[in-house]
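Coordinate inspection notes
Letter by letter, the chains look like this.
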Amino acid sequence: MSKRTPNLPAVFDQLRLPVIGSPLFIVSTPQLVVAQCTAGIVGSLPALNARPSSQLDEWLSEIRVNLATWDRDHPDSPAAPFAVNLIVHKSNERLEEDLSTCLRHNVKVYITSLGAREEVNRAIHESGAFVFHDVINTRFALKALEAGADGLIAVAAGAGGHAGTKSPFALIDELRRHFSGPLALAGAISTGKGILAAQVLGADFAYIGSPFIATTEACASETYKAAVAAANSDDILYTNAFTGVDGNYLIPSIRAAGLDPENLPPPGAINMGSGLKKTWKDIWGCGQGVASVSSVQPASAFILKLTREYMSARVESGMRA
């Protein structure tokens, strides 16, 4: 893997492409994680996707067994590591149980969101693992680093779900003024050229999510997958109407829920309760970089496409392949 930072932790040595597959709420599955890791990128899933919480233990066992089998059968191309996303906000009543399960399964990479918790990072570090924290601005980044995060995920404008508003040019430059460690960039990256561009800006990894919705391993409805494959950036709406936090959503799903994307009620006015349309399940998150996704395909096929595009971009730019 081409590294911008010369001293990335050894846990990332097996990457064949500098990409982290972002954890997709509801959508990411153990099957998708295994497909991502065996294709040479970091695969990840939110701990909260496992419901009930006891299912997380089963899922991590499944991932570990499948990756060990792959490594045994493919010694020349071992699997990349996988990551688990933990919501560390105090409202997450499962945090302690989920973290304990992850530690028991010797998870080596974590992605924390919604607040930085020093005690969580300390427990992860005691297990010898690595912690990324996602941020949308420098203020949150500095708080995360103070709490002990090892790496940052810069969530720039155009990312799927709850996204930031800053240009990646501004955000990466500002973060690099304070932090020289492992850094991933999120926000409308869906091509090999985009991966290389993230590195040129100063990131070590591209953080890619929305294109993996349209993969055979994803736990998304066929309608959702088809909508992603048919969409472009004009089909994405940035709004806080559904959760109170600004995020990017597929306009066709908003219309299908009986709502007018151009005249949405204010935050809190839409009842997304049980029995009605629900955010994420019916109102679909998606980033702006989906125009390059034209069909539903296995995750391995999409990653192979990214790899070929990335290597071609390096050659075209005069970089050593």
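Now for a quick tour of the structure.

Criteria and thresholds
Residues numbered from 1 in each chain as written. Predicted model: local features only at pLDDT ≥ 70, side-chain atom pairs only at ≥ 80, totals over all residues. Heavy atoms only, no water. Phe/Tyr/Trp six-rings, centres within 6.5 Å; stacked < 30°, edge-to-face > 60°. Helix = DSSP H or I, 4+ residues; strand = E, 2+ residues; numbered from the N terminus. Buried < 20%, exposed > 50% of the residue type's maximum accessible area, 1.4 Å probe, protein only. Arc of directions from axis to C-beta. Contact = heavy atoms within 4.5 Å. Pairing = 2+ DSSP bridges. Axes fitted to C-alpha atoms, helices over the stretch in contact; angles between N-to-C directions.

In the structure shown here, the tally under the stated rule is 9 aromatic pairs. Judged by centre distance (6.0 Å) and plane angle (85 degrees), the ring pair of F132 and F205 falls under edge-to-face. A residue pair is termed long-range when its members are at least 10 positions apart, and F132 in strand β5 (residues 130-135) and F205 in strand β8 (residues 205-208) qualify at 73 residues. Neither residue differs from the other here; F132 and F205 are each classed as buried. Here F212 and F302 contribute two aromatic rings whose centre-to-centre distance is 5.3 Å and whose plane-to-plane angle is 90 degrees, an arrangement assigned as edge-to-face. Here F212, found in the loop between β8 and α8 (222-230), pairs with F302, found in helix α10 (residues 299-316); they are 90 residues apart in sequence, far enough to count as distant. Each member of the pair F212 and F302 is classed as buried.

All right, on to helix α3 (residues 95-104) then. Within the sequence span of α3, burial applies to L95, D98, L99, T101 and C102. One side of α3 holds all its buried residues, which, seen down the axis, span an arc of 160 degrees. The outward face of α3, more than 90 degrees from its buried face, is lined by the exposed residues E96 and R104. Those residues of α3 that are buried are in contact with α2 (54-73), β3 (82-87), β4 (109-113) and α4 (118-126). Two residues or fewer after α3 comes N106, characterised by a positive phi angle close to 60 degrees.

Inspection of the secondary structure puts I20 in strand β1 (residues 19-21). A relative accessible area of 1% means that I20 is categorised as buried. Separated by 23 residues in sequence, I20 and G43 have C-alpha atoms that sit 6.4 Å apart. Leave out the neighbours within four places in its chain, and I20 touches V42, I111, F132, A184, F205, A206, Y207 and I208.

A word on the sheet that holds strand β7 (residues 183-186). Two pairing modes exist for strands in a sheet, parallel and antiparallel, and in both the strands are linked by backbone hydrogen bonds. As summarised here, the arrangement of the 8 strands in space is β1-β8-β7-β6-β5-β4-β3-β2, forming an open sheet in which the pairing is parallel. Each end of this open sheet is capped by a strand with a single partner; those strands are β1 and β2 (43-46). Strand-to-strand twist in this sheet, taken as the mean axis angle between neighbours without regard to direction, amounts to 25 degrees. Direction of pairing for strand β6 (residues 151-155) relative to β7: parallel, over a ladder of 4 bridges. Across the sheet, residue A154 finds its bridge partner in β7, namely L185. Strand contacts of helix α1 (residues 30-38): β1, β2 and β3, with the helix running at about 160 degrees to β2, the strand carrying the most contacts. Packing against the sheet, α3 makes contact with β3 and β4, and its axis sits at approximately 165 degrees to β3.

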